[in-house]
Amino acid sequence: MKPWTALAAMAAFALPSAALAACATDDEVASFVADYIAKTPTKALGVNATMEEAFCTQAKVAKALEPHLGPVVGYKAGLTSDRAMEAFGVSEPVAGVLYRDMFLEDGATVTGPHGARPLFEADLVLVVGSAAINTAETGADVMDAIASVHGFIELPDLMYAKDEPLTGATITAGGVGARAGVLGPAIPFEDGGAMIDLLAEMQVRVTDAEGTVLSEAPGAAVLGNPLRSVIWLRSTGITFKEGDMISVGSIGPLMPPAKAKGMATVEYLGLPGNPSLTVNFE
């Protein structure tokens, strides 16, 4: 049994284990969730945890958040660019989950801070079309098992108070900042083989309400190609099923909403139709 599966099972039954001593207690999870719902900066989970213990905590947090955010409908890779990994002092990405009720429509307006320490970033969502994705070894294999590709402006939340440590383990334990995000419509494409190259070569541009460019990065900023996020997530022990949503991770920097001056637009230049989507901040 792989780490994610094993830890989720342990969390579901809430079994104590000396090997998972730093897996958060029920009281610690309850406190985190209460602060999450109140959008209040909170104490870091998993400060002295191994990654196995961090995943154990994440599974408990996910179970506790489901009554508020709906069931888990997919997974997210975080810190997938060199810039993001460097900013948070990690040597590889981090893995989290996506919830049914976190998705907003293109053009949505977010009223007030969307989190305790809210941010936004350009991202991309892939929807799984076949369980064959679980044996994919190449970009072509992954693309063959993808049902649709969507632009995505993630609205993550660092959650932890500013004096709390942000490490691979603490970020993982808290769920990798899952809070909300704007999901665009499916991007139509006819040739999956050509789409593999387009995903790496696209330029993802973020502009503010005045049209000022805040960032621009190629799809290749995500592990060389966003499709590689799927293979990396699977390496953590995740088994995908048809319909699962996969957030590939940061395509450019994380930014505070104030930088958008009221509206952020993300363009996927080079993908079919050069799609774009927006989010409004009030």
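About the cut-offs
- Residues numbered from 1 in each chain as written.
- Predicted model: local features only at pLDDT ≥ 70, side-chain atom pairs only at ≥ 80, totals over all residues.
- Heavy atoms only, no water.
- Buried < 20%, exposed > 50% of the residue type's maximum accessible area, 1.4 Å probe, protein only.
- Helix = DSSP H or I, 4+ residues; strand = E, 2+ residues; numbered from the N terminus.
- Contact = heavy atoms within 4.5 Å.
- Salt bridge = Lys/Arg side-chain N within 4 Å of Asp/Glu carboxyl O.
- Disulfide = S-S within 2.5 Å.
- Phe/Tyr/Trp six-rings, centres within 6.5 Å; stacked < 30°, edge-to-face > 60°.
- Arc of directions from axis to C-beta.
- Polar contact = N/O pair within 3.5 Å; in protein donor to acceptor, adjacent residues only side chain to side chain.

**Q** Kindly report on helix α8 (residues 228–235), identifying the contributing residues and their values.
**A** Among the residues of α8, those classed as buried are Ser-229, Val-230, Trp-232, Leu-233 and Arg-234. Close packing links the buried residues of α8 with β1 (72–78), β2 (94–99), β5 (121–128), α5 (139–144) and β10 (245–247). One or two residues past the end of α8 sits Gly-237, with phi positive at roughly 110 degrees.

**Q** An account of the pattern of salt bridges is needed here, citing residue identities and associated values.
**A** If you walk through the whole model with that rule in mind, you get eight salt bridges. Where Arg-179 meets Asp-157, a salt bridge forms, and the shortest distance between an N and an O atom there is 2.8 Å. Remark: Asp-157 occurs in the loop between β6 (146–155) and α6 (168–173) and Arg-179 occurs in the loop between α6 and β7 (180–186); sequence separation between them is 22 residues. The pair Arg-179 / Asp-157 is uniform in exposure class, with both members buried. The partner of Lys-261 in a salt bridge is Asp-208, and the shortest N-O contact between them spans 3.9 Å. Residue Lys-261 is found in the loop between β10 and β11 (263–269), and its partner Asp-208 is found in the loop between β8 (203–207) and β9 (213–218); the two are separated by 53 residues along the sequence. Given a relative accessible area of 3%, Asp-208 falls into the buried group. Three or more residues are tied together by salt bridges with common partners; here these are Asp-208, Glu-210 and Lys-261.

**Q** Tell me about unusual backbone geometry, residues and numbers included.
**A** Here Val-176, not a glycine, exhibits a phi torsion of approximately 60 degrees, which is positive. Along the chain, Val-176 turns up in the loop between α6 and β7. Even without being glycine, Asn-274 reaches a positive phi, approximately 45 degrees. You can see Asn-274 is positioned in the loop between β11 and β12 (276–281).

**Q** Describe in detail the state of the cysteines, supporting the description with residues and values.
**A** A complete count under the given rule lists one disulfide for this structure. Residue Cys-23 pairs covalently with Cys-56 via a disulfide, S to S 2.1 Å. On the sign convention where negative is left-handed, the bridge of Cys-23 and Cys-56, at about -80 degrees about the S-S bond, is left-handed. Here Cys-23, found in the loop between α1 (3–13) and α2 (26–38), pairs with Cys-56, found in helix α3 (residues 51–69); they are 33 residues apart in sequence, far enough to count as distant.

**Q** Please provide a residue-by-residue account of the packing of aromatic side chains, values included.
**A** Following the criterion strictly, the structure yields five aromatic pairs and no others. Between Phe-32 and Tyr-160, the ring centres sit 6.3 Å apart and the planes meet at 65 degrees, which makes this aromatic pair edge-to-face. Of this pair, Phe-32 sits in helix α2 while Tyr-160 sits in the loop between β6 and α6; the two residues are 128 residues apart in sequence, bridging distant segments of the chain. On the numbers, 5.6 Å between centres and 45 degrees between planes, the contact of Phe-120 with Phe-281 is tilted. Of this pair, Phe-120 sits in the loop between β4 (109–110) and β5 while Phe-281 sits in strand β12; the two residues are 161 residues apart in sequence, bridging distant segments of the chain.

**Q** Just give me the short version of helix α7 (residues 192–201), but keep the residues and values in it.
**A** Among the residues of α7, those classed as buried are Met-195, Ile-196, Leu-199 and Ala-200. Axial view of α7: buried residues confined to an arc of 135 degrees, hence all on one face. The residue sitting at the N-terminus of α7 and contributing the capping side-chain oxygen is Asp-191; that oxygen lies 2.9 Å from the backbone nitrogen of Gly-193.

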